[in-house]
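# Topology and contacts: notes
Here is what each chain is made of, one letter per residue.
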Amino acid sequence: MSKTEFGIRAGRTAWTRRRRYIAGRPVRRGWTSSVARVSALGIAPLLVVGAAGMAVHFRSAEPEIRESVASDTPFTLSGHGNGHGRGMGQWGAYGYAKDQGWAAERILAHYYGGTTLGTLADAQISVRLQGRDDQTLDVYSAVGAVVAGKPVGPGEAVHLTPTAGGGANVVVTRGCAGEVLWQDVTDHPWVDPVDLGPDRPPNEHLTFCAGDTPYRGALGVALDGAAVRTVNVLGMEDYLLGVVPVEAKAEWTDTGGAEALRAQAVAARSYAAAESREAYARTCDTQSCQVYGGSAVEDPRTTDAVRSTQGMILVKDNKAVAAEFSSSTGGFTAGGEFPAVEDQGDTASPHHDWAVTLTAGDIATAFGVGELHTFEVVTRNNFGVDGGRVTGVKVVGSAGTTEVTGAQARAKLKLKSDWFTVGEGVGIPGEPSVPGEPDPSLADDDTVGTNPGSPIAEKYKELGGVNSTVGAPVGPEMMLPSEAGKFRMYQNGTIIWTEKLGAQVIDASVLRDWIPTGGS
């Protein structure tokens, strides 16, 4: 198959402005006496991470030992958006179309500053089908096909295996697994439909034997070194029919968002026109490029969006622009190839704001630093609330230190985006909602929230349970910092247990002053 060459993919600018932020809570005034009181009990103090631009370490009496954050210490990461945030936000486009009545052209101008609309001449695109890597090509068509210059009957299956030099071995069978009808060798490693024209009816589409997934255009094989690749070559407009419905939501049309789908069609066409991945395929069918699902995913609503924008692309310096897009910007685009802009339309997004809780152990494992000492946000891009997206993170642990970009931190922690802040979370419960009032979920049974047979439970029973001087429990049994022991808080005191002390009653203020419970 001949393939029209077009476009290049431009590079991106890195943001370097610094804004320092440390995860966690500030240390309260008066901490010295509290630490002294805890140290007198033989409890190793916890590393506290402050929010004022410095990491604060409480050291034990043995200075050669660097304290770690207890592995079950929770941290809450609050963020905005879903995806890299470069270029158009798909939910933002929907919000602008639905709530503000913006046309596709205005949406595109907002997100892709410095570009203009242009026209792409008729072109083909070659797509690597990554899910079919390292497999032979096994396809059929309800009305027949063509391979090695020979016709293939309806329902007969073609099996191609690539050979060195760009050819393929051909086997044609009755059905996908029936008797062999004929074999050949060809220097044209493609199975063509009966008509290679655009917008052909579904019964002419080639269909994979495995999964019965249909595709427009031709299907072929190639070698990438010694690895087998499957490639789909088809017209650009046919290709987009299988992209827009999986990259956006066809149902947006039903709620006033049709113009967002038209904007998506133009962005997707531009992105594909600027692609140039491999010698055998210009693009791929996954999120590494843009998602493409073949003809089975087509929807009349997104088909209308593609056809009503036929040939429209974004250009800069007379070249197609790689018009990146992501699900949700969180309220501000990331900048880079296109100027960063506020995204008021993103308020329509279910990902506009989000939060996730991770433990110190989760964070340490993700970065491979042993036991966690500090997790520090060191730079941001300064676009949007909270200083914008994270551009630099430093993580220190018992096994070493690592510094990564915000995007890398997002990937390691499996976050929705790189726009996040790190909130409080040292695992110490705050004051009861009504001072001195027990937790109603725990008050009826003094063993709820306590490990059965634990030293704390035994001490509580020894004291008289709910009728004792410490009163009813106000929280579950929890681990002390650095896993030095356990504690449980009650209305009038706290029972703490360590191997050195055993189980003892202490004033709850010791814990609350030692490790503050307020936000940063």
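Because the structure is a prediction, the values reported are computed rather than measured. (Residues numbered from 1 in each chain as written. Predicted model: local features only at pLDDT ≥ 70, side-chain atom pairs only at ≥ 80, totals over all residues. Heavy atoms only, no water.)

### A closer look at the sheet that holds strand E10 (residues 150–152)
Pairing is mixed across the open sheet formed by 7 strands, whose spatial order is E10-E9-E14-E17-E18-E7-E19. Each edge of the open sheet carries a strand with a single partner, namely E10 and strand E19 (283–284). Note: strand E9 (residues 145–147) against strand E14 (residues 190–193), 3 bridges, orientation antiparallel. Residue pairing in the sheet places Val146 in a bridge with Asp192 of E14. (Pairing = 2+ DSSP bridges. Helix = DSSP H or I, 4+ residues; strand = E, 2+ residues; numbered from the N terminus.)

### Comments concerning unusual backbone geometry
Even without glycine at this site, Asp134 takes up a positive phi of about 65°. Among the structural elements, Asp134 can be located in the loop between strand E7 (124–128) and strand E8 (137–140). With a phi close to 60°, Asp386 is a non-glycine residue in the positive phi region. By the secondary structure assignment, Asp386 is in the loop between strand E24 (372–380) and strand E25 (390–397). What makes Asp386 partly exposed here is its relative accessible area of 38%. (Buried < 20%, exposed > 50% of the residue type's maximum accessible area, 1.4 Å probe, protein only.)

### Observations regarding helix H8 (residues 360–367)
When we look at burial in H8, the residues that qualify are Ala360, Gly361, Ile363, Ala364 and Phe367. Seen along its axis, H8 keeps its buried residues to an arc of 160°; they face one direction. Looking at the packing, one finds that the buried side of H8 touches strand E4 (74–79), strand E23 (354–359), E24, E25, strand E26 (400–404) and helix H9 (406–413). Two residues or fewer past H8, Gly368 is found with a positive phi of approximately 65°. (Arc of directions from axis to C-beta. Contact = heavy atoms within 4.5 Å.)

### As for the pattern of salt bridges
Under the definition given, this model contains 21 salt bridges. Between Glu179 and Arg174 there is a salt bridge whose closest N-O contact spans 3.1 Å. Residue Arg174 is classed as partly exposed on the basis of its relative accessible area, which comes to 49%. Among the salt bridges present, the one from Asp254 reaches Arg301, with a minimum N-O distance of 2.5 Å. Of the two residues, Asp254 sits in the loop between helix H5 (244–247) and helix H6 (258–273) while Arg301 sits in helix H7 (residues 300–307), which places them 47 residues apart along the sequence. (Salt bridge = Lys/Arg side-chain N within 4 Å of Asp/Glu carboxyl O.)

### A closer look at the pairing of E24
Taken residue by residue, a regular strand's side chains alternate between the two faces of the sheet. Burial analysis of E24 places 9 of its 9 residues in the buried class, the great majority of the element. One ladder, built from 7 bridges, connects E24 with E25; its direction is antiparallel. Opposite Leu372, over in E25, you have Gly397 as the bridge partner.

### Description of the packing of H8 against H9
Two measures define how a pair of helices packs: the angle their axes make with one another and the distance between the axes. Look at H8 against H9: their axes get within 9 Å of each other, and the N-to-C directions meet at 115°. In this structure, H8 meets H9 at a crossing whose hand is right-handed. Contacts between H8 and H9 involve Ile363, Ala366 and Phe367 from the first element and Ala409, Lys412 and Leu413 from the second. In the contact of H8 with H9, the residues fall into 5 nonpolar, no polar and 1 charged. (Axes fitted to C-alpha atoms, helices over the stretch in contact; angles between N-to-C directions. Left-handed = near helix turned anticlockwise from the far one by under 90°. Nonpolar A, V, L, I, M, F, W, Y, C, P; charged D, E, K, R; others polar.)

### Some points on the confidence of the model for the protein
Scored by pLDDT, the protein has a mean of 82; 77% of the residues are at 70 or more. Note that pLDDT drops below 50 for residues 426–452; the model gives that stretch 57 contacts with residues more than four away or on any other chain. Contacts of residues 513–520 to residues separated by more than four positions or lying in other chains number 40 contacts, the stretch itself having pLDDT below 50. (pLDDT = per-residue confidence, 0-100.)

### Digging into the state of the cysteines
Should the sulfur atoms of two cysteines be covalently bonded, the bond is a disulfide. Counting across every chain of the model gives 2 disulfides. Disulfide pairing is shown between Cys176 and Cys209; the S-S distance is 2.1 Å. Because the sign of the S-S torsion sets the handedness, a value of about -85° for the bond joining Cys176 and Cys209 places this disulfide among the left-handed ones. In this pair, Cys176 is assigned in the loop between strand E12 (167–173) and strand E13 (180–186) and Cys209 in the loop between strand E15 (206–208) and strand E16 (214–215), connecting sequence segments 33 residues apart. Here Cys284 pairs with Cys289 through a disulfide, and the sulfurs are 2.0 Å apart. Here the disulfide of Cys284 and Cys289 is right-handed, its torsion about the S-S bond being about 115°. (Disulfide = S-S within 2.5 Å.)

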